[in-house]
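Analysis of the macromolecular model
The primary structure of each chain is shown beneath.
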Protein chains: 2
Amino acid sequence: MVGVDRYLSGTQLARLVAIDPEAKPYYRVLAETVRSLILDGRLPVRVRLPAERHLAEALGVSRTTVTSAYDRLRERGYLESRQGAGSWTALPDAGSLGAENPWIAAEDDGLLPLHSAVPLAARALPAALASAGEHYPRYALGAGYSPIGIAPLRQAVAARYTARGLATRPEQILVTAGAQHALHLLATALLSPGDPMLIESPTYPHMIDVARMRGARIVPVGIPDDGWHLDLLTCAMRQSAARLAYVIPDFQNPTGHLMDDATRAGLVSAARKCDTTLIVDETWSELAIDEVPRIAPLAAFDTDGRVISVGSASKLWWGGLRIGWIRASAAMVRRLAALRAAVDIASPLFEQLVVTRLFEDIEETRAERRRTLAASRAALVAALAEHMPDWEFTVPRGGGALWVRLPEPSGSTLADAAACHGVRLAPGTWFGVDGTLEGRLRLPFTQPPQVLTEAVGRIAKARVRGPYGTRPALPLTPAL
Amino acid sequence: MVGVDRYLSGTQLARLVAIDPEAKPYYRVLAETVRSLILDGRLPVRVRLPAERHLAEALGVSRTTVTSAYDRLRERGYLESRQGAGSWTALPDAGSLGAENPWIAAEDDGLLPLHSAVPLAARALPAALASAGEHYPRYALGAGYSPIGIAPLRQAVAARYTARGLATRPEQILVTAGAQHALHLLATALLSPGDPMLIESPTYPHMIDVARMRGARIVPVGIPDDGWHLDLLTCAMRQSAARLAYVIPDFQNPTGHLMDDATRAGLVSAARKCDTTLIVDETWSELAIDEVPRIAPLAAFDTDGRVISVGSASKLWWGGLRIGWIRASAAMVRRLAALRAAVDIASPLFEQLVVTRLFEDIEETRAERRRTLAASRAALVAALAEHMPDWEFTVPRGGGALWVRLPEPSGSTLADAAACHGVRLAPGTWFGVDGTLEGRLRLPFTQPPQVLTEAVGRIAKARVRGPYGTRPALPLTPAL
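All values derive from a computational prediction rather than experimental measurement.

Observations regarding the sheet that holds strand β6 (residues 173-176) of chain A
Note: strands within a sheet are paired through backbone hydrogen bonds, in either parallel or antiparallel orientation. All names here are of chain A. Read from one edge of the open sheet, 7 strands run β6-β12-β11-β10-β9-β7-β8, paired in mixed fashion. Because the sheet does not close on itself, it has two edges, and the strands there are β6 and β8 (217-222). Between one strand axis and the next, the sheet turns by 20 degrees as a mean value, whatever way the strands run.

Below is the structure:
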């Protein structure tokens, strides 16, 4: 019990958990709530919890219920107890690999997943699922196919754009099965084989997949360390006569840059001159961490319908929800909806109801993400300062990853070695088109602080020792 | 109250509804249960229901609860009451069009939807949603992306194939976002522009969309009125050197034919000789209505991995669930899963849990569908016998539609006229490639009997009167 110097009374903990007395099964909801308080740092580790009978009294439940919840937490490593000394909060050992590792989701491969910048599910999810369960019967009377998306969700998305400074009508919104699906639909509608398409370098890898699938001629434009240079973008657009340009102006993936107003205005103006359509990926737009100047969505600078925006529920709420959207002219929305009959008919109805509900409390989830991403970012930066002082990066003001410059072009080798030490990494080459960016690494800070600290320690070992034994077979996973 | 000659006691109705005493809100669940008993004919219309206090006693709930449930049923047209005479079951007037029409799902256009062969949601859905709500937290700890599908669902699908006589391992299953998505993935992987692709004529319209999107050369093979002719299929396959052939052997959409064992064996053998890959659409396979001989899935005749099967949760359970699957070699499954990163990353996780649960009681839902589809099919056949004695069709032993031969080539004109009379139809031309099949009409029997009876009466009027006024603007809807 070394180091246990704080304790919580039954009343204090009851106030902190604040769960619905009707929640079922109560003990699991209680355990899960305590676990998430620990995971995001609101309940520190090594704090003594109240005796079971005190917490039971404070919550107005049976002592057995609290015992079951404590047992569950203990089994999973979030609670340690000693006879006569009580129970205190703890963290499971992130170092124990394998399917039983409590940090690893069901069916994952047991490696710490630092290849993917994907936050865990937001807290608002269970309530939204319950609400969708109440509303879906109205839709169950019908076929359930809504190629363009259900009206309440299109209204919610349009209202959010309007609130962000870009007046939008629901007819301008097409609900998709995630941002990737949106990008695929747009490329199918707007790109023919051989068409030049401008992308940023580095950029989101699966957009490169889409462009290749369509047989586009990919024109990369580098993003210097200080962010976009408008003249580079403009020149490349003009010289290549790009039909489409794909940009990520808000916390660019992977660099984390935020495009300023002047560059936005200049980019749209250049696109108008070159007759280029801009596809704007706003997957990370809602995930500012620090105070940033209020910047209007890129489409707010549009005057002739050449900016098409793509958004997603994945990063703000959860990737397991496959819901995204496209904002375009109403005519383009209808055209894309017709096209989608050949791709997948419609988005799942239940998920659309879930996301509609999630929009109601979007600010709460944004605050939750700000808090957890800030803590994780700080942990990652601290761990790198300790173990990898020669790695360089700029700390981004939002988004979910550091774009690290390594002292030597060794990203892929390091990723191989790290896999042997239990960490999956995304080498810089994933984010470029022609094997460049070998001297880079994207390190996400979307996992809890403890996972990041553990992972950086392992990467440091991997860097010294190199790969050994047989590298684990890596299952297929996207690099998001 | 003319014609009310039966009544139910409180105890009888309580037994019939058999709802969970914990259901919330109880009055709505009660009203919804009574409504669905009426809709599928287990509670006939014009049956007097018990007095509120008697039902309240029998259910062990307050009288107010029953009053609220009765009020709700009355508002929606499922209950009629008269002072002193009690309340009796009724059906809302399917003729009253518009958004308030109780037969029309939320956001539908107010026309009776006879263009689409899509059953309403199965009864097993609410319980499966609840079960998924309990299981998803295990997955919420991770990123939520599973490009190949979650293990329990792949196991359930594989087990079902095995039970149907086709030994299958989970590695052979890729979970998709519905059957359409599966067809799109397969066409993307296996078809290049200009490749010949054999399809049946008539066939499922959105497969034609996919083939066109890929730039394939479409080779239609007619299905005569008595079903497939193996020699026609074989000749077309050989002469066209088709790279792919797309067939729907189980309750073919739209003809309803069921392919016999000998034709299945011959088709696979011909495909082997011509080096053609067979894409087998089994969307309707689980929906036999009459007793049919047990016929093995087409892939059971495969010896060298050239048969790829596509299945779906849409028809058996609900179209609003966007879950389907592909059964192929494990190597092909991995190839398709990699491809899907560029299309939509992964299927929604929650929906996968729902369908996993639904598989557990698949036989119950099959029995439910047999019962309701049989009743609807009978109502449609009877209404056609009364109003359209000159229309010809063979009653199929399963599936969801009649493939009607009209006495004149007037399908599209009739569909236009019917829309003016409140019914959306699918003219035969939708199911062919080159404007043929104008003398055909697909009439689904997936709606409740009352809707079909009402719709046929309207079509009869439309046939006589023709289109009038302005045809309502038809929103975008797929022809499933």
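Details of the pattern of salt bridges
In the structure shown here, the tally under the stated rule is 48 salt bridges over all chains. We note a salt bridge from B:Arg160 to B:Glu363, for which the minimum N-O separation is 3.2 Å. Taken together, the residues span a long stretch of sequence, with B:Arg160 in helix α6 (residues 151-163) and B:Glu363 in helix α13 (residues 362-387) at a distance of 203 residues. Relative accessible area serves as the criterion here: at 15%, B:Arg160 is assigned to the buried category. Assessed through its relative accessible area of 40%, B:Glu363 is described here as partly exposed. Residues B:Arg366 and B:Glu363 are paired through a salt bridge, measuring 3.4 Å at the closest nitrogen-oxygen approach. Residue B:Arg366 and its partner B:Glu363 are located together in helix α13, separated by 3 residues, close to a single helical turn. It is possible to trace a salt-bridge network through shared partners that takes in A:Arg160, A:Glu286, A:Glu363 and A:Arg366.

Some details on the pairing of strand β3 (residues 79-82) of chain A
All names here are of chain A. With 4 bridges joining them, β3 and strand β4 (residues 86-89) adopt antiparallel strand pairing. Paired with Ser81 across the strands is Ser87, a residue of β4. The hairpin turn running from β3 into β4, its antiparallel successor, is 3 residues long, and Gly84 in that turn takes a positive phi close to 85 degrees.

Details of the sheet that holds strand β2 (residues 47-49) of chain B
Residues and elements named next belong to chain B. The sheet built from 4 strands is open, its strands ordered β1-β2-β4-β3 with mixed pairing. Strand pairing shows two members of the sheet lacking a second neighbour, β1 (6-7) and β3 (79-82), which therefore form its edges. In the packing of helix α4 (residues 63-75) onto the sheet, contacts are made with β2, β3 and β4 (86-89), and the angle to β3 comes to roughly 105 degrees.

Quick word on the pairing of strand β12 (residues 324-327) of chain A
All names here are of chain A. Of the two faces of β12, the one holding Gly324 and Ile326 and the one holding Trp325 and Arg327 are both buried throughout. Alignment of β6 against β12, held across 4 bridges, turns out to be antiparallel. Following the sheet pairing, Leu174 is matched in β12 by Ile326. In the sheet, strand β11 (residues 307-312) pairs with β12 via 4 bridges, with the strands oriented antiparallel. Bridge pairing in β12 links Val310 to Ile326.

As for the packing of aromatic side chains
Summed over all chains, the structure comprises 7 aromatic pairs over all chains. Ring centres 5.1 Å apart and planes at 70 degrees place the aromatic pair A:Trp317 and A:Phe359 in the edge-to-face group. With A:Trp317 in the loop between β11 and β12 and A:Phe359 in helix α12 (residues 349-360), this pair connects stretches of sequence that are 42 residues apart. Both residues of the pair, A:Trp317 and A:Phe359, belong to the buried class. Taking 5.6 Å as the distance between ring centres and 80 degrees as the angle between the ring planes, the aromatic pair formed by B:Trp403 and B:Phe431 counts as edge-to-face. Residue B:Trp403 is found in strand β13 (residues 401-405), and its partner B:Phe431 is found in the loop between β14 (423-427) and β15 (440-444); the two are separated by 28 residues along the sequence.

Describing the interface of chain B and chain A
Contacts between the two partners involve 64 residues from chain B, matched on the other side by 63 residues from chain A. For the pair chain B and chain A, the summed buried area comes to about 5400 Å², and 67% of that belongs to carbon and sulfur atoms. Along the contact surface separating chain B from chain A lie 0 salt bridges. For the interface between chain B and chain A, the tally reads 12 residue pairs in polar contact (both at pLDDT 80 or more). When residues of the side of chain B that touches chain A are traced back to their parent elements, those giving at least two are α2 (26-39), α5 (125-140), α6, α7 (179-190), α8 (205-213), α11 (330-340) and α12 (349-360) of chain B. For the side of chain B that touches chain A, the per-class residue count stands at 40 nonpolar, 12 polar and 12 charged.

Observations concerning the environment of B:Gln12
Within the fold, B:Gln12 resides in helix α1 (residues 10-17). For the pair B:Gln12 and B:Ala58, spaced 46 residues apart in the sequence, the C-alpha separation amounts to 8.7 Å.

A word on helix α14 (residues 411-420) of chain B
All names here are of chain B. Within α14, 7 of the 10 residues are buried, leaving the element largely enclosed by the surrounding structure. Those residues of α14 not exposed but buried are Gly411, Leu414, Ala415, Ala417, Ala418, Ala419 and Cys420. With its phi angle positive at about 90 degrees, Gly422 sits one or two positions after the end of α14.

Calculation rules
Residues numbered from 1 in each chain as written. Chains lettered and ligands numbered in written order. Predicted model: local features only at pLDDT ≥ 70, side-chain atom pairs only at ≥ 80, totals over all residues. Heavy atoms only, no water. Pairing = 2+ DSSP bridges. Helix = DSSP H or I, 4+ residues; strand = E, 2+ residues; numbered from the N terminus. Axes fitted to C-alpha atoms, helices over the stretch in contact; angles between N-to-C directions. Salt bridge = Lys/Arg side-chain N within 4 Å of Asp/Glu carboxyl O. Buried < 20%, exposed > 50% of the residue type's maximum accessible area, 1.4 Å probe, protein only. Contact = heavy atoms within 4.5 Å. Phe/Tyr/Trp six-rings, centres within 6.5 Å; stacked < 30°, edge-to-face > 60°. Buried area = accessible area lost by both parts, 1.4 Å probe. Polar contact = N/O pair within 3.5 Å; in protein donor to acceptor, adjacent residues only side chain to side chain. Nonpolar A, V, L, I, M, F, W, Y, C, P; charged D, E, K, R; others polar.

Don't take any of this as a statement about function, it's just geometry.
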